[in-house]
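Secondary and tertiary structure notes
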Amino acid sequence: MKKEARDLAREFKTFLANNEEEDFIIKAGAAKAPASLPAPAKEIPAETAAPAMPAPAVSDGAKAKILAETADEILRCQKCPLGATRIKAVPGEGNPDAKLMFIGEGPGFDEDHQGRPFIGRAGQLLTKMIEAMGLNRDDVYIANMVKCHPMIDATDNEKRGNDRAPSPDEIACCRKFIEKQIAVIRPEYIVALGGVAAKSLIRDASLTSLRGKIYDLELDSANLNGDVKIIATYHPAALLRNPNWKKDAWEDLKMLMREMGLSVKKDR
Ligand code: SF4
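Residues numbered from 1 in each chain as written. Predicted model: local features only at pLDDT ≥ 70, side-chain atom pairs only at ≥ 80, totals over all residues. Heavy atoms only, no water.

Describing the environment of Ser200
What counts is decided by this rule: Secondary structure follows DSSP: runs of H or I at least 4 residues long count as helices, runs of E at least 2 residues long count as strands, and numbering of each begins at the N terminus. Contacts are assigned to residue pairs that have any heavy atoms within 4.5 Å of one another. Definition of a polar contact: a pair of N or O atoms within 3.5 Å, with one able to donate and the other able to accept a hydrogen when the atoms are protein atoms, and with sequence-neighbouring residues admitted only if both atoms are side-chain atoms.
With respect to the element layout, Ser200 can be found in helix 8 (residues 195-201). With 55 residues separating them along the chain, Ser200 and Met145 place their C-alpha atoms 8.1 Å apart. In this view, Ser200 contacts Met145, Ile171 and Arg175; residues no more than four positions away in its chain are not counted. A polar side-chain atom of Ser200 sits 2.7 Å from the main-chain carbonyl oxygen of Val196.

Given below as structure tokens:
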């Protein structure tokens, strides 16, 4: 077993608390993957508002510029009621040329306060999941279906545990931003984290029925030509509430790793 894989396993062992959680990470033993696999010039749509337009080629630098412009638009957006109650909008972050995107449902308390996606306890677990695949957060792009914090009590954005799932109307209102991010980044793979993202991006079905398969992503706003694959797994927050699901989540990630050509080895 490579030293770095052993170090990785030790780190997860420290982080995770019980045997089932160890099984989620340690027995799988991911080998280190290239930080960012070489990618040819990719196609992105110049205007994702137009339905299913073929995508012109754009350089990696142009991707970063378009993503920054999209982020600026998100930071100014007040199109749905979440805009009025957020502290900070959370556009998303990561490698503009990522081969892999993770998409959750919406920002929570910590994300709302810092303007960055997946930085609370669930975010820390997501980081461990990414590292278990042999990748780093810098290799991937992380975003949410909605960019502002959905709250149970919208009058108190300083209260912890005040999170809720975004409504279908909120998702519909915000959807153009995640579709634009996907179309610009043009990842080869997406992991939908949790039932909300899975239903929104794959089809209206239970997370249980959507897990375990690889789908072609289809967007209304851009023709992806079947180039973007998507899988569904548990949201890290759900894994914190239900640690016995971690083994299944790891099975989902291993399925994706095999599809991506990443090494999945038993290390003990
Ligand atoms: S959630 Fe999306 S649509 Fe609603 S205000 Fe925020 S950025 Fe705009």
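Considering the packing of aromatic side chains
Going by this rule: Only the six-membered ring of Trp is used, alongside the rings of Phe and Tyr, when aromatic pairs are assigned; centres must lie within 6.5 Å, and planes under 30 degrees apart are stacked while those over 60 apart are edge-to-face, with the rest tilted. Partly exposed describes any residue whose relative accessible area lies between the buried limit of under 20% and the exposed limit of over 50%, with all areas from a 1.4 Å probe on protein chains only and scaled to the type maximum.
Summed over all chains, the structure comprises one aromatic pair. For the ring pair Tyr234 and Trp245, a centre distance of 4.6 Å and an interplane angle of 20 degrees mean the geometry is stacked. In this pair, Tyr234 sits in the loop between strand 8 (229-233) and helix 10 (236-241) while Trp245 sits in the loop between helix 10 and helix 11 (246-260), placing the two residues eleven residues apart along the sequence. Given a relative accessible area of 11%, Tyr234 falls into the buried group. We classify Trp245 as partly exposed; its relative accessible area is 29%.

A closer look at the pairing of strand 5 (residues 141-144)
The test is simple: Between any two strands, pairing holds if DSSP finds at least two bridges.
Both faces of strand 5 are covered, namely the face carrying Tyr141 and Ala143 and the face carrying Ile142 and Asn144. Where strand 3 (residues 93-94) lies against strand 5, two bridges are found, and the strand directions are antiparallel. Counted as the bridge partner of Gly94 is Tyr141 from strand 5.

Some thoughts on the sheet that holds strand 4 (residues 100-104)
Here six strands make up an open sheet; going across it, the order is 3-5-4-6-8-7 and the pairing mixed. Pairing within the sheet leaves two strands with one partner each, and these edge strands are strand 3 and strand 7 (215-216). Pairing geometry for strand 4 and strand 6 (residues 189-193), over four bridges, is parallel. Within the sheet, the bridge partner assigned to Phe102 lies in strand 6 and is Val191.

What about the confidence of the model for the protein?
What counts, and what does not: On a scale of 0 to 100, pLDDT captures the predictor's confidence in every residue.
Looking at the protein as a whole, the pLDDT averages 85, with 77% of positions reaching at least 70. Between residues 11-51, whose pLDDT stays under 50, and residues either more than four places distant or in other chains, the model counts 103 contacts.

Considering the packing of helix 3 (residues 60-76) against helix 7 (residues 168-185)
Just so we agree on the cut-off: Every axis corresponds to a line fitted to the C-alpha atoms, with the helix fit spanning only the stretch in contact, and the corresponding angles, defined between N-to-C directions, vary from 0 to 180 degrees. Roughly parallel covers angles under 35 degrees, roughly antiparallel covers those over 145, roughly perpendicular covers 65 to 115, and oblique covers all other angles. Note on residue categories: nonpolar means Ala, Val, Leu, Ile, Met, Phe, Trp, Tyr, Cys or Pro, charged means Asp, Glu, Lys or Arg, and polar means any other residue, Gly included.
Where helix 3 meets helix 7, the closest approach of the two axes is 10 Å, and the angle between their N-to-C directions is 170 degrees. As summarised for this structure, helix 3 and helix 7 are arranged roughly antiparallel, according to the angle between their axes. In this structure, helix 3 uses Lys63, Ile66, Leu67, Thr70, Glu73 and Ile74 to contact helix 7, whose residues at the interface are Lys176, Phe177, Lys180, Gln181, Val184 and Ile185. The class makeup of the residues in the contact of helix 3 with helix 7 is six nonpolar, two polar and four charged.

Description of unusual backbone geometry
One non-glycine residue, Arg186, lies in positive phi territory at about 50 degrees. Phi at Asn225 takes a positive value of approximately 55 degrees, unusual for a residue other than glycine. Within the element layout of this structure, Asn225 appears in the loop between strand 7 and strand 8.

Examining the side chain of Thr233
In this fold, Thr233 is placed in strand 8. Take Thr233: its relative accessible area is 0%, and that puts it in the buried class. Polar side-chain contacts of Thr233 include one of 2.6 Å to the side chain of Asp252.

Side note on the nonpolar core
Quick reminder of the rule: The set of buried Ala, Val, Leu, Ile, Met, Phe, Trp, Tyr and Cys residues whose side-chain atoms join them within 4.5 Å is what this entry labels a nonpolar core.
Within the largest apolar cluster, 67 residues are counted, with the highest numbers of intra-cluster contacts made by Leu100, Phe102, Met133, Ile182 and Leu217. If you tally residues by element for this core, the top one is helix 7, at eight residues. In this structure, Ile182 is in contact with Met101, Ile103, Pro187, Ile190, Leu201, Leu217, Leu219 and Leu224, ignoring residues within four places of it in sequence.

Looking at the pairing of strand 8
Buried residues dominate strand 8, accounting for four of its five residues. Across five bridges, strand 6 lies against strand 8 in parallel orientation. Its bridge partner being in strand 8, Ile190 is matched across the sheet by Ile230. Pairing between strand 7 and strand 8: two bridges, direction antiparallel. Across the sheet, the residue bridging to Asp216 is Lys229, located in strand 8.

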